[in-house]
Amino acid sequence: MAFYLVTGGAGFIGSHLAEELVRRGHRVRVVDNLATGKRRNLVHVPGVEFLEGDLADLEVARRAVEGVEFVLHQAAIPSVPRSVADPLTSHRANADATLNVLIAARDARVRRLVYAGSSSAYGDTPTLPKVETMAPAPLSPYALQKLVGEQYCQLFTRLYGLEAVTVRYFNVFGPRQDPSSPYSGVISLFISALSEGRAPTIYGDGEQTRDFTYVANVVDGVLRASDAPGVAGTVINVATGGRVSINALFRALRDLIGARVEPVYAPARAGDVRHSQADIDRARRLLGYEPTVGFEDGLRKTIDWYRASQAAIA
Ligand code: UD1
């Protein structure tokens, strides 16, 4: 049994990590400022120690890492358009807080830190799929902030010997992704709109593509990154390796849900990347990672969860 801190552990991806760690018999502490996370995301996970606080405060970061062996740093304000609208708030949550967590982890001599990086760091590179050796080209404050965080991780490995690994996520979706904000992930927004008979909005022509990754694949990749040998200081894509357009996503969800609405088209979003698809060879090689839940299967599981949670409210 090991002692893990999951920052942002009341959020979508963080709560899945906490749940799996508890299932595997580990001790888990969560720190979350509940800006986007929810206490209810953890109610079904027994024995999690919960610390409410904001990691933009170094003292909170120090308290959070006390005694832990592993840090899974998930806390963030994860939205491209929100960062375009309010870069400062995003910067505090995504960049300043990350530096605090790294300092606290270094001083507390944690064994390893796994950082939630983002595919947005690649920007609009002409070549697909996107491989970790490509030069980053962030197109939004969010992308830049997440890139700063991963470069800090690499520096902390080099300068201070802190074992820090970045796992770059690609459009993660699944149960507990919150559809309630206009900045929510597209799959959560489309499922909630289609289930309620509302027309989803597609920004741009809908032919932009994403490597949509079901959350269980990410949990598996992150937990492998927390104990694989020889990965400190590296950046590793964790995704499915495919790509699906927003128009195709809309059609797939409409068919699965059995809705009869048409989408509304609106101008493309500022800072939006055109195509995103991961090369996952490095994850295969270094982590023994293989995606286990495919896109359609993941959509079905997510819709089932959404229906069950709506039924529970009704
Ligand atoms: C980006 C990152 C992703 C990161 C996420 C955090 C890229 C390639 N991906 O996701 O790694 O985890 O930020 O939030 O940069 N869309 C619609 N209608 C909607 C909502 C979105 O058409 O109602 C479109 C967007 O314009 C975009 C796509 O769907 O083209 C996906 O949007 P979203 O789910 O917000 O994620 P990204 O911005 O791609």
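Now for the overall build of the protein chain. Within the protein chain, the secondary structure is distributed over 10 helices and 13 strands. In terms of overall size, the protein chain behaves like a compact globule, its C-alpha atoms giving a radius of gyration of 18 Å where 314 residues would be expected to give roughly 20 Å. Expressed as a percentage of the 314 residues in the protein chain, the buried residues total 54%. In the structure as shown, the protein chain presents an accessible area of about 13300 Å², 51% of it carried by carbon and sulfur atoms. One way to put it: in the protein chain the 35 positive side-chain charges average out to a point 1 Å from where the 33 negative ones average out.

This part covers the site of the ligand. Close to the ligand lie 23 residues, the nearest being Pro78, Thr201, Arg210, Arg269 and Asp272. Between an oxygen atom of the ligand and a side-chain N or O atom of Ser118, the distance comes to 3.3 Å. Take Tyr203: an N or O atom from its main chain is 2.9 Å from an oxygen atom of the ligand. Protein burial of the ligand: of its 740 Å² of free accessible surface, 92% is covered by the chains. Put simply, the parts of the chain that give the shell around the ligand at least two residues each are helix 6 (186-195) and strand 8 (201-203). In terms of residue class, the shell around the ligand is made up of 11 nonpolar, nine polar and three charged.

Bringing the sheet that holds strand 11 (residues 235-238) into the picture now. Taken together, seven strands build an open sheet; the order of strands is 3-2-1-4-5-6-11 and the sheet is parallel. Pairing within the sheet leaves two strands with one partner each, and these edge strands are strand 3 (49-52) and strand 11. Adjacent strand axes in the sheet meet at a mean angle of 20° when their direction is disregarded. Here strand 6 (residues 164-169) pairs with strand 11 via four bridges, running parallel. If you follow Tyr169 over to strand 11, its bridge partner there is Val238. Helix-sheet contacts for helix 2 (residues 58-65) involve strand 1 (3-7), strand 2 (27-32), strand 3 and strand 4 (70-73), and the interaxial angle to strand 2 is about 170°. Strands strand 4 and strand 5 (112-118) of the sheet are contacted by helix 4 (residues 87-107), whose axis makes an angle of about 165° with strand 5.

Between its first and last C-alpha atoms helix 10 (residues 295-313) spans 27 Å; for 19 residues at 1.5 Å apiece the expected length is 27 Å, and the two agree. Listed in full, the buried residues belonging to helix 10 are Phe295, Gly298, Leu299, Thr302, Ile303 and Tyr306. Looking straight down helix 10, one finds that the buried residues subtend no more than 135° of arc, so they occupy a single side. Structural note: helix 10 exposes Ala311 and Ala312 on the side pointing more than 90 degrees away from its buried face. Looking at the packing, one finds that the buried side of helix 10 touches strand 7 (172-173), helix 6, strand 10 (213-214), strand 12 (244-245) and helix 8 (246-257).

Moving on, we come to the pattern of salt bridges. Per the counting criterion, the structure on display carries 20 salt bridges. Between Arg27 and Glu49 there is a salt bridge whose closest N-O contact spans 3.9 Å. Taken as a pair, Arg27 in strand 2 and Glu49 in strand 3 lie far apart in primary sequence, 22 residues in all. Across the pair Asp297 and Arg300 runs a salt bridge, and its minimum N-O distance is 3.8 Å. Taken together, the residues Asp297 and Arg300, both in helix 10 and three residues apart, mark about one turn of the helix.

Rules behind the numbers
Just so you know, the residues in each chain are numbered from 1, in the order the chain's sequence is written. With the structure being a predicted model, the display of local features is reserved for residues of pLDDT at least 70 and the display and counting of side-chain atom pairs for 80 or more, all residues being used for whole-chain, interface and lining totals. By convention in this description, side-chain values take in all heavy atoms of the structure and omit both hydrogens and water. The helix and strand labels rest on DSSP assignments: H or I over at least four residues marks a helix, E over at least two residues marks a strand, and numbering proceeds from the N terminus. Our radius of gyration looks at C-alpha atoms and nothing else; its globule reference is 2.2 Å times the residue count to the power 0.38. The buried label applies to any residue whose accessible area, calculated with a 1.4 Å probe on protein chains only, is under 20% of its type's maximum; exposed applies above 50%, and partly exposed to all values in between. To measure how exposed things are, a 1.4 Å probe is used in the Shrake-Rupley method; for residues, cover is taken only from the protein chains shown. Charge counting treats Lys and Arg as positive and Asp and Glu as negative, with His and both chain ends excluded. Positions of charges follow a simple convention, taking NZ of Lys, CZ of Arg, CG of Asp or CD of Glu. The cutoff for a nearby residue is simple: one of its non-hydrogen atoms must lie within 4 Å of the molecule or strand. Pairing of N or O atoms within 3.5 Å defines a polar contact, subject to two protein rules: one partner must be a possible hydrogen donor and the other a possible acceptor, and residues neighboring in sequence count only if both atoms are side-chain atoms. Side-chain classes are defined by residue name, with Ala, Val, Leu, Ile, Met, Phe, Trp, Tyr, Cys and Pro counting as nonpolar, Asp, Glu, Lys and Arg as charged, and the others, Gly among them, as polar. Here the rule is simple: two strands pair whenever DSSP picks up at least two bridges between them. For helices, the axis comes from a line fit to the C-alpha atoms of the stretch in contact; other axes are also lines fit to C-alpha atoms, and the angle between any two N-to-C directions lies between 0 and 180 degrees. Contact criterion: two residues are considered in contact whenever any of their non-hydrogen atoms come within 4.5 Å of each other. In this analysis, the expected span of each helix is defined as 1.5 Å times one less than the number of residues it contains. The arc in question is the one traced by the directions running from the helix axis out to the C-beta atoms. Any Lys or Arg side-chain nitrogen found within 4 Å of a carboxyl oxygen on Asp or Glu counts as a salt bridge.

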